[in-house]
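# Coordinates in review
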Amino acid sequence: MPTLSSLPLATATAPTDLLLVEQSGGTNAVTVDTLLTGTQPAIMAPSGTLLGRISLGAGGPETISVGTGLQLAAGTLSATGATGTLAAPSSANTVTTLADTDYVAASQVGAEVWITRANMLDGETVATLAAAAAASDTDALAVDQGGPALVRQSFSAVWSYVSAKLPSVIRRVVELTATTVLDASTHNDAILVCSQPLTLFANFVNMGSGFTCDVLNLSSGNVTMGSGITVGNGNTALPPQASAQLQAVAYSGGDIVFWPGPATSGGGTTPVTAAVTIAAPGSATVGTALSLTGTVAPSGDAVGVALSTSGTTAPTSLTGATVSGGGWSASVTPSAAGTYFAWAMDAAAGTHAVSGAIAVAAAGPTVTVSFVTAPSGSYTEGQGSVGVNATLDPGTAASGVNFGISSSATAAPTSWGAATLINTQSNGDTFWGAFLTMPGAAGTYFAWAETADGAAHTVSAAFTVS
């Protein structure tokens, strides 16, 4: 009987070829197709791919590629991006707000990415928006109207809102009590109430074209329009209980701050109301000059001043004041203690003004500083330990005495040294001493002794340094 090894080899097989098989104790034949039915063919697939069936109908396995968001590694298929799918909106997954750290899905160059809300909104700037055309009523703004959600509001609606508010706008009221330079930040479109006689000045640069203000003079004297203000009729005085409107404009003729001048109800100018005012301190000292100031109208009228013990009976002897335009100044010296009133009189206009009561106190005791030992003769440059002494009369007049050296008998030293109290004498005077160092340059010098408050001083005879 021939064996398998003695049979010739087949170079190819067909599904109908027969093979021997032992079955049920006997030898039978089976086709190749029947024998291989249900067996797995050899798998030939590229690395990093899957096997599956993508064609319609029955057939063998086919290669499936791994797409974006998945990776096949070490036999495991895993997701590289977000997992899961977003369900349809419902009460369980719907939110009304997002935190800055919450993520929002986006596509970037074909790839799915995530970005935080904070980073997403941070990139939105005005510079990234397209340039707008000329504004119109239909343009819209984003507004918050009773909640965090933004809604659209047109320019025309905004203007309707603003115009309805304009009638309720109240102008500023600014009270002025001293000479003032007008500027836009404080005085533009304001009502300026002058409660004291004063002068107004204008600097067009600080006001600008279109500046306007109303001036009410509620003081007892004139308000004077000073430099920078052009007055149409040349009358610079705004009398008490009168008003003026100042306007600043730039035009072909230049820059101007203009006021037409005092006007009647018919529009014409009126003569200046004659008036004189006075300002004086409430206290003074016998022998010390008392400074008085005030205003006068008509501008330039002569003014006489005086002190009187009466506030109702005018003095008969007056001292002429210095008059400059609508203002004046003067000084008077009370000769005795008591209560006085300062008078200012414009004889030509027949007007006068009286100050409030002035309390004049008696002068304090005369303070005297006197050298007992002063430098004399000649000294060498920079010589030290030069002793000096002086007395202070009365001893209680000052807290101390200072010594110094000056090259002048009239110009005080620029450097002082404090003296030491040596003793108090029987008459109450105090005795002070110190050591001086001579200047480092040759010349003629003077020693000075002065009270610590500078109220009194004395100067020695000249001495030389060489």
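Here the structure is a predicted model, which is why all the values come from computation and not from measurement.

About the thresholds
- Residues numbered from 1 in each chain as written.
- Predicted model: local features only at pLDDT ≥ 70, side-chain atom pairs only at ≥ 80, totals over all residues.
- Heavy atoms only, no water.
- Pairing = 2+ DSSP bridges.
- Helix = DSSP H or I, 4+ residues; strand = E, 2+ residues; numbered from the N terminus.
- Salt bridge = Lys/Arg side-chain N within 4 Å of Asp/Glu carboxyl O.
- Buried < 20%, exposed > 50% of the residue type's maximum accessible area, 1.4 Å probe, protein only.
- Polar contact = N/O pair within 3.5 Å; in protein donor to acceptor, adjacent residues only side chain to side chain.
- Contact = heavy atoms within 4.5 Å.

Okay, the sheet that holds strand β20 (residues 254-259) next. A sheet is described by the order of its strands in space; here six strands give the open sequence β11-β13-β15-β19-β20-β17, paired in mixed fashion. Where the open sheet ends on each side, the last strands, each with one partner, are β11 (172-176) and β17 (230-231). Pairing geometry for β17 and β20, over two bridges, is parallel. Across the sheet, residue Val 231 finds its bridge partner in β20, namely Trp 259.

With five bridges joining them, strand β24 (residues 304-308) and strand β28 (residues 338-346) adopt antiparallel strand pairing. When the bridges of β28 are listed, Gly 304 appears paired with Met 345. One ladder, built from three bridges, connects β28 with strand β30 (residues 358-361); its direction is antiparallel. In the sheet register, Thr 339 faces β30, and the bridge partner there is Ala 359. Bridge count between β28 and strand β29 (residues 351-354): four bridges; the pairing is antiparallel. Following the sheet pairing, Met 345 is matched in β29 by His 352. Between β28 and the antiparallel strand that follows it, β29, lie four residues; Gly 350 among them carries a positive phi value of about 75°.

Looking now at the pattern of salt bridges. For the coordinates displayed, the defined rule picks out two salt bridges. Between Asp 189 and Arg 171 there is a salt bridge; the shortest N-O distance is 3.6 Å. Residue Asp 189 is located in the loop between α4 (184-187) and β13 (190-194), and its partner Arg 171 is located in the loop between α3 (155-165) and β11; the two are separated by 18 residues in the primary sequence. Here Asp 214 ties to Arg 171 by a salt bridge, and the two come within 2.8 Å at their closest N and O atoms. On the criterion of sequence distance, the pair formed by Asp 214 in strand β15 (residues 212-217) and Arg 171 in the loop between α3 and β11 is long-range, its members being 43 residues apart. Asp 214 sits in the buried class, given a relative accessible area of 19%. On the basis of relative accessibility, which here comes to 32%, the residue Arg 171 falls in the partly exposed class.

What follows deals with the sheet that holds strand β21 (residues 275-276). The four strands lie next to each other as β21-β23-β27-β26, forming an open sheet whose pairing is antiparallel. The open sheet terminates on both sides in strands that have one partner only, identified here as β21 and β26 (322-324). Across two bridges, the pairing between β21 and strand β23 (residues 290-297) is antiparallel. Paired with Ala 275 across the strands is Ala 297, a residue of β23.

This brings us to the side chain of Thr 116. Looking at the element boundaries, Thr 116 is found in strand β8 (residues 111-116). In this structure the side chain of Thr 116 is engaged in a polar contact, spanning 3.2 Å, whose partner is the side chain of Asn 119. What Thr 116 contacts, discounting residues up to four positions off in sequence, is Asp 100, Thr 101, Asp 102 and Tyr 103.

With that settled, the discussion passes to the environment of Asp 183. Residue position: Asp 183 is located in the loop between β12 (180-182) and α4. In this structure Asp 183 comes out as buried when scored by relative accessible area, which is 19%. Distance from Asp 183 to Val 323, taken between C-alpha atoms, is 28 Å for residues 140 residues apart in sequence. Beyond its immediate sequence surroundings of up to four residues, Asp 183 is in contact with Asn 188, Asn 206, Met 207 and Phe 211. A polar contact of 3.2 Å, which involves the side chain of Asp 183, links it to the backbone nitrogen of Thr 186.

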